[in-house]
Amino acid sequence: MDKIYSRIKKGEILVGDGAWGTLLIQAGLQPGECPELWSITKPEKIREIAAKYKDAGADIVSTNTFGGNRIKLKMYGLEDKAKEINRVSSYLSRSAVGDETHVLASIGPCGKLVMMGEVSMDELYESFKEQAMALEEGGADACIIETMSDLEEAKCALRAVQENTELEVVLSFTFSKSADGHNYFTMMGVTPSQVISEFGGMDVKIIGANCSLGAEDICGVISEYYQSEKNISYLVYPNAGQPHYTEEGIKYPETPEVFKTYVPKYIEHGARIIGGCCGTTYEHIRAIRKVVDSL
Ligand SMILES: [Zn+2]
């Protein structure tokens, strides 16, 4: 199988997958329960999610490892299971989708503030290294360092992946919109153009924006990325709008029909991988696939 980046260079637009957490909650994941542990306790459910995303038209499917580094798992007392959880999760996605679909393993933030000294750089590096190596061992061909807010944490994760694995890497940050609606910042105050100036020259060929913003608002981030650097390929995984909390649980307003109308705009702004984050489901991915195929 070609690498993700070489497929993009040949002119392909690739379709990613949608939310995992949302589907796990629908399947009965309880508040306070560790989502990643389901890879061990309910592997058939995890495999089903990966397989259904592939069936919906995803070229790239993720893994159930967003919170899979040992620092985050420690909050559940599961730090000693870090290696197993990552290896098994990666294997489940790979075995569900076969060898012709990319497995883009998820590496999320550690959940501690590096800037406040809550975790040392060495500890952080070792935890990302352990996670990335286990994901590679399980069968992933690529990884996405995702939902990042802090440049130092992202740099550390990137180094850990690049120095210890052959995984192709995507680096993705999450942004909110300023009150006046004109600017975008991560929780740590980083702008999209700062992300590009930090990582544009660091052998990172694919940079992304995921989560926090819905399909419309994320256009502003992608366009700021693209204006800063046109030679990088972009990934965009928006949420299905802002969640509403109702008696039946969390609801997301952006339907697949709404979502798909933004696809041409993303592509115009350099996006080459399009999928979804919180609140998106198989139907959103099916809708994106249809638009991409029609272009
Ligand atoms: Zn999300």
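The structure under discussion appears in the preceding block.
Residues numbered from 1 in each chain as written. Predicted model: local features only at pLDDT ≥ 70, side-chain atom pairs only at ≥ 80, totals over all residues. Heavy atoms only, no water.

1. Observations concerning the layout of surface pockets
Put simply, the largest pocket is a space of about 960 Å³. For the lining of the largest pocket, the secondary structure elements donating two or more residues are helix H2 (21-26), strand S2 (60-61), strand S3 (102-107), strand S4 (142-148), strand S8 (206-214), strand S9 (233-239) and strand S11 (249-251). By residue class, the composition of the lining of the largest pocket is 19 nonpolar, 17 polar and 6 charged. Put simply, the second largest pocket is a space of about 330 Å³. Along the walls of the second largest pocket sit 19 residues, with Pro109, Thr147, Ser149, Thr174 and Met187 positioned nearest its centre. (1 Å grid on protein atoms, 1.4 Å probe; cavity = no way out; pocket = protein on both sides within 12 Å on 5 of 7 lines; lining within 4 Å. Points joined across faces, edges and corners; volume = space filled by probe spheres on them. Helix = DSSP H or I, 4+ residues; strand = E, 2+ residues; numbered from the N terminus. Nonpolar A, V, L, I, M, F, W, Y, C, P; charged D, E, K, R; others polar.)

2. Digging into the pairing of S3
With 6 of 6 residues buried, S3 lies mostly within the body of the structure. Burial of S3 is two-sided: the residues His102, Leu104 and Ser106 facing one way and the residues Val103, Ala105 and Ile107 facing the other way are all buried. Examined bridge by bridge, S2 and S3 share 2 bridges and lie parallel to one another. If you follow Val61 over to S3, its bridge partner there is Val103. By the bridge criterion, 4 bridges tie S3 to S4 in an arrangement that is parallel. The residue of S4 that forms the bridge with Ala105 is Cys143. Regarding topology, helix H7 (residues 121-138) serves as the crossover connection from S3 to the parallel S4, and that connection is right-handed. (Buried < 20%, exposed > 50% of the residue type's maximum accessible area, 1.4 Å probe, protein only. Pairing = 2+ DSSP bridges. Right-handed = clockwise from strand over helix to strand, strands pointing away.)

3. Looking at the environment of Tyr91
Assignment of secondary structure puts Tyr91 in helix H6 (residues 82-97). Placed 46 residues apart in sequence, Tyr91 and Glu137 show a C-alpha to C-alpha distance of 8.2 Å.

4. Things to note about helix H4 (residues 43-55)
For H4, with 13 residues, the first-to-last C-alpha span of 18 Å sits near the 18 Å given by 1.5 Å per residue. Looking only at H4, the buried set comprises Ile46, Ile49, Ala50 and Tyr53. For H4, the arc enclosing every buried residue in end-on projection is 90 degrees, short of the 170-degree limit, so these residues lie on one face. Among the exposed residues of H4, those oriented more than 90 degrees off its buried face are Glu44 and Asp55. Residues of H4 that are buried sit in contact with H2, helix H3 (38-41), S2, H6 and helix H13 (282-294). In the segment just after H4, Gly57 is the residue with positive phi, at about 115 degrees. (Expected span 1.5 Å × (residues − 1). Arc of directions from axis to C-beta. Contact = heavy atoms within 4.5 Å.)

5. Describing helix H10 (residues 218-228)
Within the span of H10, buried status applies to Ile218, Cys219, Val221, Ile222, Ser223 and Tyr225. The elements touched by buried residues of H10 are strand S5 (168-173), strand S7 (184-185), helix H9 (192-199), S8, S9 and helix H12 (263-268).

6. Focus: the pattern of salt bridges
Considering all chains together, one arrives at 17 salt bridges under this definition. Two residues, Glu84 and Lys81, come together in a salt bridge whose shortest N-O distance is 3.7 Å. On the basis of relative accessible area, Glu84 is assigned to the partly exposed category, the value being 30%. For Glu198, the salt bridge is made with Lys155, and the minimal N-O distance between the two is 3.1 Å. Of this pair, Glu198 sits in helix H9 while Lys155 sits in helix H8 (residues 151-164), and the two are 43 residues apart along the sequence. Through salt bridges with shared partners, one network takes in Lys45, Glu48 and Lys52. (Salt bridge = Lys/Arg side-chain N within 4 Å of Asp/Glu carboxyl O.)

Any functional reading would require information beyond the geometric quantities listed.
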